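# Tertiary structure, described
So the chains spell out like this:
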Amino acid sequence: MAKYRIAWLPGDGVGVDVLDAARIVLDRVGLDAEYVPGDIGWEFWCAEGDALPPRTVDLLGSVDAALFGAITSKPVKAAAAELKPALRDQGLTYRSPIVRMRQLFDLYVCLRPCKAYPGNALNFREKIDLVVFRENTEDLYSGVEFSPVPAELADVLGRLAKPFGPFAKLPGDQYAVSCKINTQRGSERIIRAAFAFAKQFGRKKVTVVHKANVVRATDGLFLEAARTVAKDFPGIAWDDANIDAMTMWLLKNPFNYDVLVAPNLYGDIISDLCAQMVGGLGFGCSGNIGEQLAVFEPTHGSAPKYAGQHKVNPIATVLAVKMMLDWLGEAEKATALEAAVARVIKDGNVKTYDMGGSSTTLDMGRAIAAAL
Ligand code: IPM
Ligand code: MG
């Protein structure tokens, strides 16, 4: 029996392409693993009304880790229109499977390292080395949303919240409500993860990202949680910044920052910005990490227009594999893999289209495998 069971979830679009490249690399790394394919993606939404079918949830409950490619997501109405006729009008609503996976398995840490590998012409600056800790289960991603807004909810809000006044007169179908829910436990544990990481890896500072000056209840709680947690890490410097200012300062003074921690949506935004600073989404890798399970993925989406062409850059996925190896405790293999990626980038002989070259997804996978 293999040492590890890994769920293999290509999804759709270019998710399939990049996982093909990841497999070339993993076979070369020689991880003692069984890769168990799982059904996930747009085709399962259309055919079954569920992009993350129960059998895949069961699979995820039985593996050490998962590698996930990408999935096409469409807005509610467009998604409903693509359901097979027999499933229409049953009240099925599409929800992003990756978001569901994060919540179902309490994968509360979204870890997104953004490192400028030397010689990557796409680097915004050389030597950028930022790490984003994004809360991954709550906030505006809670899924508690109303459209139309039921009269019952409007009544309660009208009674309890003065600022609701101007909205109270609107018919329920003329507005929508998405709840931003942040818990003390959820906030403290992601902030603690960021501080613990800073301590373990000797990082110089943690920056807490929020908008507590306006979004006072939830982001106020997040900032307060940071103050509490920081007391347990007297050796780690920290500061905080509003999300809007953060996007400016990151571009202006990227070297003033090191580890960033944020609630879910701000973390989503800031991690795309950080990824762009080190070469774009072709280099952005991500770990969704809980106590029992972790799901690793490239941050980019499914880019349906490139599906099946083996055109996109698989480096983000290969770096996600590197994160998976670290998480499994295979540090030596992880370090070797990262070195191989760095080597291929530096040599500059194999470049996918985003890097200004014409190498394919599989060429890149093979080049990294060869550099190992
Ligand atoms: C990400 C993505 C997802 C998110 C989408 C695909 C639901 O943007 O992982 O950053 O918003 O979390
Ligand atoms: Mg995102």
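The structure this text deals with has already been given above.
First, a word on scope: everything that follows refers to the structure included in this document. Keep in mind that this is a model prediction, so the values were computed, not measured.

One pass over the structure, following the stated rule, counts 11 aromatic pairs. Judged by centre distance (5.2 Å) and plane angle (80 degrees), the ring pair of W45 and Y94 falls under edge-to-face. One end of the pair, W45, is in helix 2 (residues 42–48); the other, Y94, is in the loop between helix 4 (76–81) and helix 5 (97–104), with 49 residues separating them in the sequence. Accessibility expressed as a relative area gives 2% for W45, which makes it buried. In this arrangement the basic side chain of R23 is found over the ring face of W8, its NZ or CZ atom lying 4.8 Å from the centre. Over the aromatic face of Y353 sits the side chain of K311, whose NZ or CZ is 4.6 Å from the ring centroid.

This brings us to the environment of F255. Along the chain, the position of F255 falls in the loop between helix 10 (243–252) and strand 10 (259–262). Measuring from C-alpha to C-alpha, the distance between F255 and K127 comes to 8.6 Å, with 128 residues separating the pair along the chain. Beyond its immediate chain neighbours, meaning those up to four positions away, F255 contacts R125, E126, K127, I128 and K204.

The environment of ligand 1 is made up of S96, V99, R102, R112, R134, Y141 and D268. Within the contact set of ligand 1, an oxygen atom lies 2.8 Å away from a side-chain nitrogen or oxygen of R134. In this structure, an oxygen atom belonging to ligand 1 sits 2.8 Å away from a side-chain N or O atom of D268. A total of 320 Å² of accessible area belongs to ligand 1 in isolation, and the protein chains cover 72% of it. Grouping the constituent residues of the shell around ligand 1 by class yields 2 nonpolar, 1 polar and 4 charged.

Here we come to the environment of A294. Mapping A294 onto the fold places it in strand 12 (residues 294–298). Residue classification places A294 among the buried positions, given a relative accessible area of 0%. Taking the C-alpha atoms as reference, A294 lies 6.4 Å from A66; in sequence the two are 228 residues apart. With sequence-adjacent residues up to four places away left out, A294 is seen in contact with D64, A65, A66, L107, N288, I289 and W327.

The next thing to look at is the pattern of salt bridges. When charged atoms on two side chains of opposite charge get close, those side chains can pair. For the structure on display, the rule yields 23 salt bridges. The partner of D50 in a salt bridge is R100, with the nearest N and O atoms 2.9 Å apart. Of this pair, D50 sits in the loop between helix 2 and helix 3 (54–60) while R100 sits in helix 5, and the two are 50 residues apart along the sequence. Given the relative accessible area of 19%, D50 is considered buried. Through salt bridges that share partners, K115, K322, D326 and E338 make up one connected network.

Our next topic: the sheet that holds strand 4 (residues 109–115). As summarised here, the arrangement of the 10 strands in space is 2-1-3-12-11-4-5-10-8-9, forming an open sheet in which the pairing is mixed. Every other strand in the sheet has two partners, leaving strand 2 (33–37) and strand 9 (237–242) as the edge strands with one partner each. Shown here is a sheet whose adjacent strand axes are inclined to one another by a mean of 20 degrees, direction ignored. Sheet topology places strand 5 (residues 129–135) next to strand 10; 4 bridges connect them, and they run parallel. In the strand pairing of strand 10, V132 is matched with L260. This element, helix 5, spans strand 1 (4–11), strand 3 (65–70), strand 4, strand 5, strand 11 (285–289) and strand 12 of the sheet and lies at about 155 degrees to strand 12. Across the sheet, helix 11 (residues 264–277) is in contact with strand 4, strand 5, strand 8 (205–210) and strand 10; its angle to strand 5 comes to roughly 160 degrees.

Between helix 12 (residues 315–328) and helix 13 (residues 331–347), the least distance of the axes is 7 Å, while the angle of their chain directions is 160 degrees. Classified by the angle between their axes, helix 12 and helix 13 sit roughly antiparallel to one another. Along this stretch, helix 12 crosses helix 13, giving a crossing that reads as left-handed. Contact with helix 12, carried on its side by I315, V318, L319, V321, K322, L325 and D326, involves A331, K333, A334, L337, E338, V341 and I345 of helix 13 and no other residues of that element.

As a further point, take the pairing of strand 1. Of all 8 residues making up strand 1, 7 are buried, and the element is well covered by its neighbours. The sheet contact formed by strand 1 and strand 2 spans 5 bridges and is parallel. Looking at strand 2, one finds that I6 is bridged to Y35. Taken together, strand 1, helix 1 (residues 14–29) and strand 2 form a β-α-β motif whose crossover is right-handed. Examined bridge by bridge, strand 1 and strand 3 share 5 bridges and lie parallel to one another. Residue pairing across strands places A7 opposite A66, the latter belonging to strand 3.

Conventions and cut-offs
- Residues numbered from 1 in each chain as written.
- Chains lettered and ligands numbered in written order.
- Predicted model: local features only at pLDDT ≥ 70, side-chain atom pairs only at ≥ 80, totals over all residues.
- Heavy atoms only, no water.
- Phe/Tyr/Trp six-rings, centres within 6.5 Å; stacked < 30°, edge-to-face > 60°.
- Helix = DSSP H or I, 4+ residues; strand = E, 2+ residues; numbered from the N terminus.
- Buried < 20%, exposed > 50% of the residue type's maximum accessible area, 1.4 Å probe, protein only.
- Lys NZ or Arg CZ within 6 Å of the ring centre and 35° of its normal.
- Contact = heavy atoms within 4.5 Å.
- Near = heavy atom within 4 Å.
- Polar contact = N/O pair within 3.5 Å; in protein donor to acceptor, adjacent residues only side chain to side chain.
- Areas by Shrake-Rupley, 256 points an atom, 1.4 Å probe, with all protein chains shown as cover.
- Nonpolar A, V, L, I, M, F, W, Y, C, P; charged D, E, K, R; others polar.
- Salt bridge = Lys/Arg side-chain N within 4 Å of Asp/Glu carboxyl O.
- Pairing = 2+ DSSP bridges.
- Axes fitted to C-alpha atoms, helices over the stretch in contact; angles between N-to-C directions.
- Parallel < 35°, antiparallel > 145°, perpendicular 65-115°, else oblique.
- Left-handed = near helix turned anticlockwise from the far one by under 90°.
- Right-handed = clockwise from strand over helix to strand, strands pointing away.

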